[in-house]
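Okay, here's what each chain looks like letter by letter:
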Amino acid sequence: MRVLLLEDDRELCRTLRDALTMEGYAVLTAASLAEANALLAHAREPLDLVLLDLGLPDGDGEQLLATLRRRESLPVLVLSARQAEGQKIRLLDAGADDYLVKPFGVAELLARMRVALRRRGTRVSAALTDYRRAAVHIDLHAQRVWRDGAPVHLTPTEFALLARLVRQAGQVVTHRQLLRDVWGAEFTEHTHYLRLYMGQLRAKLEDEPAEPRLLLTEPGVGYRLAEPDEDPGPLMPS
Ligand code: CA
């Protein structure tokens, strides 16, 4: 797995490079947009993933995202400072896969990278249509949901919202993406729909709806369905 790490903070760059190298990734580093563009132009082998810092000495990471999206479909994880929220949302809406807010732990970074690689089909080719985590089982093909083995009744809109999150399980989906894909392009400002329907879904699927462990809030950005269990275990009755 070859990773391009674009980060101008030298110390952070070195720490991440060392940690990823230990995990078996081949890491190319760049500290500016110019360096990243040169690497992309001359790389002999294709890249598998890009880690993209936003604030760079010669511009912002957003400019590189446009270049990457034109060239190929590469997973891109944004490394951002908390105050860069507006830009973070723009990048996600423009096709970045996920983001990490600094400071973040290496374990969290590795987990997000795994999700992004899986979703892009680098390791597993089939899209996720059967989601299991703890007591919850969601089958998109059958359009059915179970909790503790018992069927859960969802309205068509609740199911559509849940299905959208399952397709990107483990990754953040912005308010705009959810509203556009579930309700339609003319509803992208209606974030109160999301609060209402997420509340209903949590009431049906979470053990403690006020402290969700499945349907997670990403404050100011969107929602994230928790990563599915690695090993689904025995099939639940259906
Ligand atoms: Ca920076």
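Residues numbered from 1 in each chain as written. Predicted model: local features only at pLDDT ≥ 70, side-chain atom pairs only at ≥ 80, totals over all residues. Heavy atoms only, no water.

A. Fine view of the overall build of the protein chain. Looking only at helices and strands, the protein chain has eight helices and 14 strands in total. Computed over the C-alpha atoms, the radius of gyration of the protein chain is 19 Å, within 12% of the 18 Å expected from 2.2 N^0.38 for a compact globule of 238 residues. Principal-axis analysis of the C-alpha atoms places the extent of the protein chain at approximately 55 × 40 × 30 Å. The 238 residues of the protein chain split such that 45% are buried. Considering only intrachain contacts with a sequence separation of at least 6, the fraction spanning at least 24 residues in the protein chain is 63%. A total accessible area of about 12,000 Å² is found for the protein chain, and carbon and sulfur atoms account for 50% of it. Taking the 31 positively charged and 35 negatively charged side chains of the protein chain as two groups, their mean positions are separated by 2 Å. (Helix = DSSP H or I, 4+ residues; strand = E, 2+ residues; numbered from the N terminus. Rg over C-alpha atoms; globule rule 2.2 N^0.38 Å. Buried < 20%, exposed > 50% of the residue type's maximum accessible area, 1.4 Å probe, protein only. Contact = heavy atoms within 4.5 Å. Areas by Shrake-Rupley, 256 points an atom, 1.4 Å probe, with all protein chains shown as cover. Lys, Arg positive; Asp, Glu negative; His and termini not counted. Charge placed at Lys NZ, Arg CZ, Asp CG, Glu CD.)

B. Inspection of the sheet that holds strand 13 (residues 215-218) at higher detail. Pairing is antiparallel across the open sheet formed by three strands, whose spatial order is 12-14-13. Two strands in the sheet have a free side with no partner beyond their single neighbour: strand 12 (172-174) and strand 13. Adjacent strand axes in the sheet meet at a mean angle of 30° when their direction is disregarded. Across four bridges, strand 13 lies against strand 14 (residues 222-225) in antiparallel orientation. Paired with L216 across the strands is R224, a residue of strand 14. Seen against the sheet, helix 7 (residues 175-182) touches strand 12 and strand 14 and runs at an angle of roughly 70° to strand 12. (Pairing = 2+ DSSP bridges. Axes fitted to C-alpha atoms, helices over the stretch in contact; angles between N-to-C directions.)

C. Molecular detail of the domain arrangement of the protein chain. As far as domains go, the protein chain holds domain 1 (2-119) and domain 2 (130-225). Relative to domain 2, the C-alpha centre of domain 1 lies at a distance of 27 Å. Domain 1 puts twelve residues into the contact, and the matching count from domain 2 is 14 residues. For the pair domain 1 and domain 2, the summed buried surface comes to about 1,100 Å²; carbon and sulfur atoms form 44% of the total. A per-residue breakdown of the area domain 1 buries against domain 2 is headed by D93, Y99 and R119, which together make up 40% of the total. At the surface where domain 1 touches domain 2, the tally comes to two salt bridges. Measuring nitrogen to oxygen at the nearest pair gives 3.9 Å for the salt bridge that ties R176 to D93. Seen at the junction of domain 1 and domain 2, the total is four residue pairs in polar contact (both at pLDDT 80 or more). Where the side of domain 1 that touches domain 2 is concerned, the elements lending two or more residues are helix 4 (85-93), strand 7 (98-101) and helix 5 (106-119). Element by element, the count of residues in the side of domain 1 that touches domain 2 is highest for helix 4, at five residues. (Domains from an automatic or database assignment. Buried area = accessible area lost by both parts, 1.4 Å probe. Salt bridge = Lys/Arg side-chain N within 4 Å of Asp/Glu carboxyl O. Polar contact = N/O pair within 3.5 Å; in protein donor to acceptor, adjacent residues only side chain to side chain.)

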